[in-house]
Amino acid sequence: MSGIQTRFTEWLTANVEGLHGQARMLVDDYWRRVSQERKKYPASQRGRLGVRIRRRESAYSFTIEWFLIASLSIDGQTKPVTQYLKKGKGYRYPLQHVLKKEPDWEASLVEEFENEFADLRKQVDLLGKFRDAFHRCRRGLRESLN
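Predicted, not measured: the structure shown is a model, and the values here were computed from it.

**Thoughts on the overall build of the chain**
Right, so step 1: For the chain, the count of helices and strands is three helices and three strands.
Right, so step 2: For the chain, the sequential pattern of α-helices and β-strands runs α-β-β-β-α-α.
Right, so step 3: For 146 residues, the compact-globule estimate of 2.2 N^0.38 gives 15 Å, and the chain exceeds it by more than 25% at 20 Å.
Right, so step 4: Counting all 146 residues of the chain, 33% fall into the buried class.
Right, so step 5: Of the contacts made within the chain by residues no fewer than 6 positions apart, 58% connect residues no fewer than 24 positions apart.

The structure is reproduced here in structure tokens:
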């Protein structure tokens, strides 16, 4: 690995890790606040939305994903199941339809956090585009020198 590639990789890793740290703090804060709110309401008004971060190690990236939590009864035992929501185009999840069925406290909390998550998704995407352009440029330069 050349010096420039090493420095670029270190820079990219540091930036992605910084964004991952911000996302981790936000996700932890979301779950802390959900836990506080759920204590105030009966089971029917506790909400069903969750969020998680999924790493993409080889690509210096991660995703922030929303999911619905449901219960499934099998042989008299209740088991939690999750259904991941589709993000679609852009950086924001289209949550309006899902949030109509959720309690007001949860809808407002999800919207607040989704604003932050959309910004982080955009930054991660831009870093990925920069990474890809860097590698295309290096390949092109190598090919033209040969």
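Next comes the rest of the description.
**Details of the pairing of strand 3 (residues 77-84)**
Right, so step 1: Bridge count between strand 2 (residues 61-74) and strand 3: eight bridges; the pairing is antiparallel. Of the residues in strand 3, the one forming a bridge with F67 is Y84.
Right, so step 2: Here strand 2 hands over to strand 3 after two residues, with D75 in that stretch at a positive phi of 50°.

**Describing the pattern of salt bridges**
Right, so step 1: Overall, the coordinates contain 12 salt bridges when judged by the stated rule.
Right, so step 2: A salt bridge links R55 to E17, with the shortest nitrogen-to-oxygen separation between them at 2.9 Å. Placement of R55 in strand 1 (residues 49-56) and of E17 in helix 1 (residues 3-38) is noted, with a sequence separation of 38 residues between them.
Right, so step 3: Residue D28 is joined to R24 by a salt bridge in which the shortest nitrogen-to-oxygen separation is 3.3 Å. Highlighted residues: D28 and R24, both in helix 1, separated by four residues, approximately one helical turn.
Right, so step 4: Residues participating in the shared-partner salt-bridge network are R52, R54, R56 and E65.

**A short note on the nonpolar core**
Nonpolar side chains in soluble globular proteins tend to end up buried together.
Right, so step 1: Ranked by internal contacts, the top residues of the largest apolar core, which has 31 residues, are Y30, L49, F62, W66, L85 and F117.
Right, so step 2: Those elements giving two or more residues to this core turn out to be helix 1, strand 1, strand 2, helix 2 (96-99) and helix 3 (104-145).

What counts and how
Positions within a chain are numbered from 1, following the residues in the order the chain's sequence is written. Since the coordinates come from a predicted model, pLDDT governs what is reported: local features require at least 70, and pairs of side-chain atoms require 80 or more to be given and counted, while whole-chain, interface and lining totals use all residues. To obtain the side-chain values, all non-hydrogen atoms of the structure were included, while hydrogens and water were left out. Here a helix means four or more residues in a row that DSSP labels H or I, a strand means two or more in a row labelled E, and each is numbered from the N terminus. The atom set for the radius of gyration is the C-alpha atoms, and the globule formula is 2.2 Å times the number of residues raised to the power 0.38. Buried means the residue's accessible area, taken with a 1.4 Å probe over protein chains only, is under 20% of the maximum for its type, while exposed means over 50%, and partly exposed covers the values in between. Every residue pair with non-hydrogen atoms within 4.5 Å of one another is taken to be in contact. Note on pairing: DSSP must find at least two bridges between two strands before they are called paired. One side-chain nitrogen of Lys or Arg within 4 Å of one carboxyl oxygen of Asp or Glu is enough to make a salt bridge. Here, nonpolar core means buried Ala, Val, Leu, Ile, Met, Phe, Trp, Tyr and Cys residues that are tied together by side-chain atoms lying within 4.5 Å of each other.

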